[in-house]
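So the chains spell out like this:
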Amino acid sequence: MDTETLSKSSGKSLHTHTDAAVCMAHDLIDRIAKRAVEPEEKIRETAVRAEKAVKNSLTKAKQQSNLARNSIESLIQQHPLAAIGIAIGVGTVIARLRRREITE
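The rules behind the values
- Residues numbered from 1 in each chain as written.
- Predicted model: local features only at pLDDT ≥ 70, side-chain atom pairs only at ≥ 80, totals over all residues.
- Heavy atoms only, no water.
- Helix = DSSP H or I, 4+ residues; strand = E, 2+ residues; numbered from the N terminus.
- Buried < 20%, exposed > 50% of the residue type's maximum accessible area, 1.4 Å probe, protein only.
- Areas by Shrake-Rupley, 256 points an atom, 1.4 Å probe, with all protein chains shown as cover.
- pLDDT = per-residue confidence, 0-100.
- Contact = heavy atoms within 4.5 Å.
- Patch = residues over 30% accessible without salt bridge, like charges linked within 9 Å, V, L, I, M, F, W, Y side chains within 5 Å.
- Salt bridge = Lys/Arg side-chain N within 4 Å of Asp/Glu carboxyl O.

So, on to the overall build of the chain. The secondary structure content of the chain amounts to two helices and zero strands. Within the chain, the proportion of its 104 residues that are buried is 0%. Total accessible area on the chain is roughly 9,700 Å²; 62% of this is exposed by carbon and sulfur atoms.

In structure tokens:
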């Protein structure tokens, strides 16, 4: 057997092994992909439920915020002088606290 024949026969053998390895890799990827379908669907379903829950919570928070704002506006309209006094008092407390932070 000369070197050219030997090189051709080993080249065919190498090509056969490479093809087998590629085929095995494709089979492995297909099996992994099939096993990933169910977990992926569960993750997507969980994400959809979480999105709905967050939207629902946001809607409730906006409603509560509007109720609180309306309530405060109503109290201010009913008792304007008390509202001004409270605002001045809160502003004074905040200013003193901030001055204390700056000097420390």
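Turning our eyes to something else, we now look at the confidence of the model for the chain. Residues with a pLDDT of 70 or more make up 88% of the chain, whose mean pLDDT is 87. Scored below 50 in pLDDT, residues 1–7 shows one contact in the model against residues more than four places distant or in partner chains.

Moving on: a nonpolar patch on the surface. A cluster of nonpolar side chains, contributed by Leu81, Ile84 and Ile88, occupies part of the molecular surface with about 350 Å² of accessible area. If you trace the backbone, Ile84 turns up in helix 2 (residues 80–103).

Applying the stated criterion across every chain yields a total of four salt bridges. The partner of Glu40 in a salt bridge is Arg44, and the shortest N-O contact between them spans 2.8 Å. Highlighted residues: Glu40 and Arg44, both in helix 1 (residues 3–78), separated by four residues, approximately one helical turn. Taking relative accessible area as the criterion, Glu40 reaches 39% and is therefore assigned partly exposed. Residue Glu73 pairs with Arg69 through a salt bridge whose shortest N-O separation is 3.7 Å. Taken together, the residues Glu73 and Arg69, both in helix 1 and four residues apart, mark about one turn of the helix. Of the residues examined, Glu73 reaches a relative accessible area of 39% and is grouped as partly exposed.

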